[in-house]
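Take a look at the letters that make up each chain.
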Amino acid sequence: MVCLLPAFGSRALAVESYLDNGVVKIGIDLAKGGSITYLSKSGTNDNIINDHDLGRQIQQSYYSGPQPYNPSNNANPTWPNWPWNPIQTGDSYGHPSLVLAHTNTGQSLYVKCRPMQWALNNVPGECTFESWISLNANVVTVSNRLINMRTDTAEQFAGRDQELPAVYTIGRLYRLFSYAGDAPFTGGALTNFPIVPPPWQYWRATESWAALVDVNGWGLGVYHPGAVRFVGGFAGAPGSGGPNDDPTGYISPTHVEILDSNIEYTYSYQLILGTLQEIRDWVYAQPYRPGADFHFCTDRQHWYYQQTTDAGWPLNGRLRVNLASTDPQMWSPFCAYYATNVPKLYVRAAYQIANPTGRATGQLFWQTSSDSAFSEARSLRFPVVADGQFRTYELNLAASNSYTGLITRLCFDPAASGQSGDYADIAWISSSPVGANEPSPTLLGMMQTDGAIVISFPTVNAACVSQEGHQFLYDLESRTNLLLGAWQGVPGFTNLVGDNRVKMFTNLVTAGGAFYRVKLRLE
């Protein structure tokens, strides 16, 4: 949550599950939706996570319409105009979220919960949250998933800022640092942000990380590769207070996201314990560097719309953007790449426009760190062919004198306008002229739980790799002896059409065991 309030209700008895690798120790509270309530150096009890009320911790939190969202007519009067907002820990009245599943292997944690609507009184969200947590030296890696199952609406609401995740620290970590300059990954000076109480402050974290540290410069770094817009600050008396006290620091990487009523939304982030220099050194050692490579195969890549919508979830290897508007617009996430590193962009798209005259023109806009508005002067127009066939359009941005410096955001108008039934299928917007042309290797996952083996493998829609009009077919096969016999198809798991979803097969553990493989073919 980006707002603070007094704690409501009684404090539930903690039921915690921990991982400890000898460097860091992390804990989740199963009485609070499995949110992260504990993080310290190993061998100490110095917990740096704030657990003052159910709106703190490190937790998942998502936002969508309508606003206000009050189907039960029991909204907290403190939040009378609050939108749809399920959060992992519990609601503003003190009702905790219910944990549905939990495993702790000693090397990783998994938890699944039914979240609560923050502003409502004891109203569970029509969705589930999942988290996977692991440790490596002084770094915690967390992967989160939201699965929406809303029955109240099928409307596609406008994109909203999402907390990815919400991180609250103890009052001793009150000094907020990040790199907010125009030369990311060059070792430039960090910014120490002044203490600003709620509603907090936003900034461009062009290296995709921020940290809250103590007076000695030690604390917690939050890294979300690709997230450039962060929000954070400090509330209360700086420099004092423990996990149960009110003073708190706050950091959240953000993206604007459209959250459909049936969406499966995933993201990952890292928590790094150390000094500012140790945190930044670790970030610099990671492979991520800012760029412009957006493939709309399985998700929207954090793009959202103005004056239009798309065909909804799930995607079918592309975005189908509705052109029935006087000015349909696609807005990119905030970014931070050098214009010289991306001299051209390539748009892979197919257009269906009934009356293309005066309409079949695309236009790409860009913002820079020195000018944060879109304008005709920083744009490029190009004609499109409205025959329903996929083509790759080359945009030579470097030919424009205004395409310089640090590029901070894009806006793509697929067409000037359209009428009912007109659409554009957008497969990718990328600095690469070819995009992906073959699927990644299919890797089998295997997990044993409750006497059963769960085999999982991802599938790919053929349109995602420029194979429009074709489909990938997957066969899961097994055998009990690699030297004798033949591979046999697993019943119900042959001729599976690739649809960008993970397939899962569950089988009871047998004494002799079995071997599994996946075969892939294009038809």
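S.K.: How should the overall build of the chain be read in this particular structure?
M.R.: Each helix and strand counted, the chain has one helix and 37 strands in total. Taken over C-alpha atoms, the radius of gyration comes to 24 Å for the chain, in line with the 24 Å a tight globule of 523 residues would show. With the principal axes as the frame, the chain shows a C-alpha extent of 70 × 65 × 50 Å. Counting only residues that meet the buried cut, the chain has 51% of its 523 residues in that class.

S.K.: How should I be thinking about the nonpolar core in this particular structure?
M.R.: Here is a general trend for soluble globular proteins: nonpolar side chains tend to be buried in one another's company. Membership of the largest hydrophobic core comes to 90 residues, with the highest contact counts inside it found for Phe 412 and Ile 426. Considering each element in turn, this core owes the most residues, five residues, to strand β19 (residues 264–275). Apart from residues lying up to four places away in sequence, Ile 426 is in contact with Phe 296, Arg 318, Leu 319, Val 321, Met 330, Arg 348, Ala 349 and Phe 412.

S.K.: Got a minute to help me understand the pattern of salt bridges in this structure?
M.R.: Working definition: two side chains of opposite charge can pair if their charged atoms are close together. Overall, the coordinates contain 20 salt bridges when judged by the stated rule. Residues Arg 320 and Asp 425 are paired through a salt bridge, measuring 2.8 Å at the closest nitrogen-oxygen approach. Of the two residues, Arg 320 is situated in strand β22 (residues 319–322) and Asp 425 in strand β30 (residues 423–430); the sequence distance between them amounts to 105 residues. By relative accessible area, Asp 425 is classed as buried at 5%. Each of Asp 53, Arg 56 and Asp 246 takes part in salt bridges that share partners, so that together they form one network.

S.K.: Even after reading the chapter, I still don't get the pairing of strand β14 (residues 201–204), so can you show me in this structure?
M.R.: Residues Gln 201 and Trp 203 point to one face of β14 and are all buried, whereas Tyr 202 and Arg 204, pointing to the other face, are not buried. The pairing of β14 with strand β17 (residues 229–235) spans four bridges and is classified as antiparallel. In the strand pairing of β17, Arg 204 is matched with Arg 229.

S.K.: Would you mind going over the pairing of β22 with me for this structure?
M.R.: A one-sided burial pattern is seen for β22, the buried positions being Leu 319 and Val 321 and the unburied ones Arg 320 and Asn 322. Strand direction decides the pairing type here: β22 and β30, joined by four bridges, are antiparallel. Residue Asn 322 lies in a different strand from β30, and its bridge partner there is Tyr 423.

S.K.: Can you help me understand the sheet that holds β19 in this one?
M.R.: Backbone hydrogen bonds hold the strands of a sheet together, and the pairing may be parallel or antiparallel. What the nine strands build is an open sheet, ordered β6-β7-β9-β10-β19-β16-β15-β12-β13; its pairing is antiparallel. Among the strands making up the open sheet, the edge pair consists of β6 (98–104) and β13 (191–193). Adjacent strand axes in the sheet meet at a mean angle of 20° when their direction is disregarded. Pairing geometry for strand β12 (residues 175–178) and β13, over three bridges, is antiparallel. Paired with Leu 176 across the bridge in β13 is Phe 193. Contacts from helix α1 (residues 276–284) reach β10 (139–148), β12, β15 (209–213), β16 (218–223) and β19 within the one sheet, and its direction differs from that of β19 by about 140°.

S.K.: Would you mind showing me how to read the packing of aromatic side chains here?
M.R.: Centre distance and the angle of the planes are the two values used to describe a pair of aromatic rings. The final tally for this structure, using the stated rule, is 29 aromatic pairs. Seen from their ring centres, Phe 296 and Trp 303 are 6.0 Å apart, and the 90° between their planes marks the pair as edge-to-face. In this structure an aromatic cluster arises from ring pairing among Tyr 62, Phe 129, Tyr 265, Tyr 267 and Tyr 269. Stacked on the ring of Tyr 38, the Lys or Arg Lys 25 has its end atom at 5.5 Å from the ring centre.

S.K.: What am I meant to see in α1 here?
M.R.: A turn of α-helix holds 3.6 residues, and therefore any two residues three or four places apart point the same way. The set of residues buried in α1 consists of Leu 276, Ile 279, Arg 280 and Val 283. The buried residues of α1 all sit within an arc of 95° when viewed along its axis, so they share a single face. Elements that come into contact with the buried residues of α1 comprise β12, β15, β16 and β19.

S.K.: What should I look at first to understand the confidence of the model for the chain in this one?
M.R.: Considering every residue of the chain, the mean pLDDT works out to 92; 93% of them sit at 70 or more. Per-residue pLDDT stays below 50 along residues 1–11; that stretch engages in 44 contacts with residues further than four places along the chain or on separate chains.

S.K.: Quick question: what am I supposed to make of empty space enclosed by the protein here?
M.R.: Any empty space left between atoms is shown by rolling a water-sized probe over those atoms. All told, the structure shown has two cavities of 30 Å³ or more when counted by the stated rule. The volume enclosed by the largest cavity comes to roughly 60 Å³. Along its surface, the largest cavity is lined by Asp 161, Val 228, Arg 229, Thr 254, His 255, Val 256, Pro 333, Phe 334 and Arg 409. Among the elements that take part in the lining of the largest cavity, strand β18 (residues 248–257) stands out by supplying three residues, more than any other. Size it by volume and the second largest cavity reaches roughly 50 Å³.

S.K.: Quick question: what am I supposed to make of the side chain of Ser 261 here?
M.R.: Here Ser 261 lies in the loop between β18 and β19. Not counting residues up to four positions away in its chain, the partners in contact with Ser 261 are Asn 148, Met 149, Arg 150, Thr 153 and Ala 154.

Parameters and conventions
- Residues numbered from 1 in each chain as written.
- Predicted model: local features only at pLDDT ≥ 70, side-chain atom pairs only at ≥ 80, totals over all residues.
- Heavy atoms only, no water.
- Helix = DSSP H or I, 4+ residues; strand = E, 2+ residues; numbered from the N terminus.
- Rg over C-alpha atoms; globule rule 2.2 N^0.38 Å.
- Buried < 20%, exposed > 50% of the residue type's maximum accessible area, 1.4 Å probe, protein only.
- Core = buried A, V, L, I, M, F, W, Y, C linked by side-chain atoms within 4.5 Å.
- Contact = heavy atoms within 4.5 Å.
- Salt bridge = Lys/Arg side-chain N within 4 Å of Asp/Glu carboxyl O.
- Pairing = 2+ DSSP bridges.
- Axes fitted to C-alpha atoms, helices over the stretch in contact; angles between N-to-C directions.
- Phe/Tyr/Trp six-rings, centres within 6.5 Å; stacked < 30°, edge-to-face > 60°.
- Lys NZ or Arg CZ within 6 Å of the ring centre and 35° of its normal.
- Arc of directions from axis to C-beta.
- pLDDT = per-residue confidence, 0-100.
- 1 Å grid on protein atoms, 1.4 Å probe; cavity = no way out; pocket = protein on both sides within 12 Å on 5 of 7 lines; lining within 4 Å.
- Points joined across faces, edges and corners; volume = space filled by probe spheres on them.

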